[in-house]
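The chain contents come next:
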Amino acid sequence: MPLLTVIVPAYNEAAVLEAFHQRLARVLDELPLDSSVLYVDDGSSDRTWDIIESLTQRDSRTGALKLSRNFGKEAAMTAGLDHVDADAVVVIDADLQDPPELIPALVDQWRAGHDVVYATRSARAGETGFKKFTSAAFYRSMEKLSDTAIPRDTGDFRLLSRRALEALRQLRERQRFMKGLFAWIGYRQTAVHYLREPRQAGNTKWNYWRLTQLAVEGITSFSTAPLRLATWTGLSASVLAFLYGLWVLTKSLIYGDPVRGYPTLMLVILFLGGVQLLALGVIGEYLGRNYAESKQRPLYFIEEQRPPAGRT
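Residues numbered from 1 in each chain as written. Predicted model: local features only at pLDDT ≥ 70, side-chain atom pairs only at ≥ 80, totals over all residues. Heavy atoms only, no water.

### Notes on the packing of aromatic side chains
Definition in use: Centres within 6.5 Å are what make two rings of Phe, Tyr or Trp a pair, Trp counting through its six-membered ring; a difference in plane orientation under 30 degrees is then read as stacked, over 60 as edge-to-face, and the rest as tilted. In this description a helix means any DSSP run of H or I spanning at least four residues, a strand means any run of E spanning at least two, and both kinds are numbered starting from the N terminus. Any residue under 20% of the maximum accessible area for its type is buried, any over 50% is exposed, and the rest in between are partly exposed; the area is computed with a 1.4 Å probe on protein chains only. Only Lys NZ and Arg CZ are tested; either one counts as a charge over a ring when it is within 6 Å of the ring centre and within 35 degrees of the ring normal.
This model, assessed by the stated rule, comprises two aromatic pairs. Taken together, a centroid distance of 6.3 Å and an interplanar angle of 75 degrees make the contact between F20 and Y39 edge-to-face. Within this pair, whereas F20 is found in helix α1 (residues 17-30), its partner Y39 is found in strand β2 (residues 34-41), the two being separated by 19 residues in sequence. Exposure remark for F20: the relative accessible area of 0% places this residue in the buried category. The class for Y39 is buried, based on a relative accessible area of 0%. In this arrangement the basic side chain of R69 is found over the ring face of F71, its NZ or CZ atom lying 4.0 Å from the centre.

If you want it as structure tokens, here you go:
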């Protein structure tokens, strides 16, 4: 019988883990598949690891990885994907915003022949209007900027076939934007739509600063459009400055108009200086990515491991 493994990255999710596992276990009990669960503790500072250990003792199909520190969700997912041996893998968060009850629908599409089945949010309950607007703006911007088609309104909740999993394991870049990597590998992909629920307990780890960093990570990982934009902005500024200088010179020679002094000079200097700093900032983002990749550091380290006792 095929084996399905559910990977659950968790960081300070002690408040919701028990409820999550109860709902997940009920779903797996009904699936006509062998199943296992792999929790990945991303260096939590609360009781997350203690609860995960208790779950591994009570449920023989549950395993766990504890990372040596907080490496970030992208690295935690990668650690889980590196340590499973299954015919299909589901990645899901522990906060219950993504319902485990959707897993059978993902499995049905996998059995229909799809290698990647991603869960697309048709609505987002419990989130502010500003959060919904910025999220929609990000996905639509990525759609325009990236050469890789990244599905709209889609997080990390998805199913991967063994073929897709093995392809993903070959991508070892250090600056990881998993939503883009899932799409980049290609193969047969399809969507299952669902209503995203409010967080059941605990606090979100994704404030606007971290979300902004993730957006920059995604854009710089899968598009060189900011570099091209910096080039065209610099070129446009140079042309405008040249035309303005030519106009000032013409007025001075033909009409005898005096050249305006301090205000005009300051305006031109500040404008050109701002354009230069913007271009340097964009170049710096890409240079920083190259610097991080050149060090070739491991993506994560594992402190403890609890393998599942066996198939169910």
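### Thoughts on α1
How we decide: For a helix, the expected span equals 1.5 Å multiplied by the number of residues minus one. Contacts are residue-level and defined by heavy atoms, with any inter-residue pair within 4.5 Å sufficient.
Its 14 residues place the ends of α1 20 Å apart at the C-alpha level, agreeing with the 20 Å of an ideal helix rising 1.5 Å per residue. Restricting attention to buried positions, one finds in α1 the residues L17, F20, H21, R23, L24, A25, V27 and L28. If you follow the buried residues of α1, they end up packed against β1 (3-10), β2, α2 (48-58), β3 (62-67) and α4 (103-111).

### Examining helix α3 (residues 73-82)
Summarising burial for α3: nine of the ten residues are buried, a large majority. The complete set of buried residues in α3 reads K73, E74, A75, A76, M77, T78, A79, G80 and L81.

### Describing the confidence of the model for the protein chain
How we decide: For every residue, the predictor assigns a confidence score, pLDDT, that lies between 0 and 100.
The pLDDT averaged across the protein chain works out to 79; a share of 76% of its residues lies at or above 70. Across the protein chain, the element-wise mean pLDDT spans from 65 in helix α8 (residues 208-222) up to 92 in strand β4 (residues 88-91).

### Some points on the packing of α1 against α2
The angle between the axes and the distance between the axes are what describe a pair of packed helices. Put simply, the rule reads: An axis is simply a line fitted to the C-alpha atoms; with a helix, the fit covers only the stretch in contact. Between two such axes, the angle follows the N-to-C directions and lies from 0 to 180 degrees. For classification, angles of less than 35 degrees are called roughly parallel, those exceeding 145 degrees roughly antiparallel, those between 65 and 115 degrees roughly perpendicular, and all remaining angles oblique. Note on convention: near helix rotated counterclockwise from far helix by under a right angle means a left-handed crossing. Clockwise means right-handed. Under the grouping applied here, Gly and all other residues not named as nonpolar or charged are polar, the nonpolar ones being Ala, Val, Leu, Ile, Met, Phe, Trp, Tyr, Cys and Pro and the charged ones Asp, Glu, Lys and Arg.
Relative to each other, α1 and α2 sit at 30 degrees, their axes nearing to 10 Å. Classified by the angle their axes make, α1 and α2 are roughly parallel. Crossing of α1 against α2: the hand is right-handed. On α2, the residues that touch L17, E18 and H21 of α1 are T48, I51, I52, S54, L55 and R58. Considered class by class, the residues forming the contact of α1 with α2 number four nonpolar, three polar and two charged.

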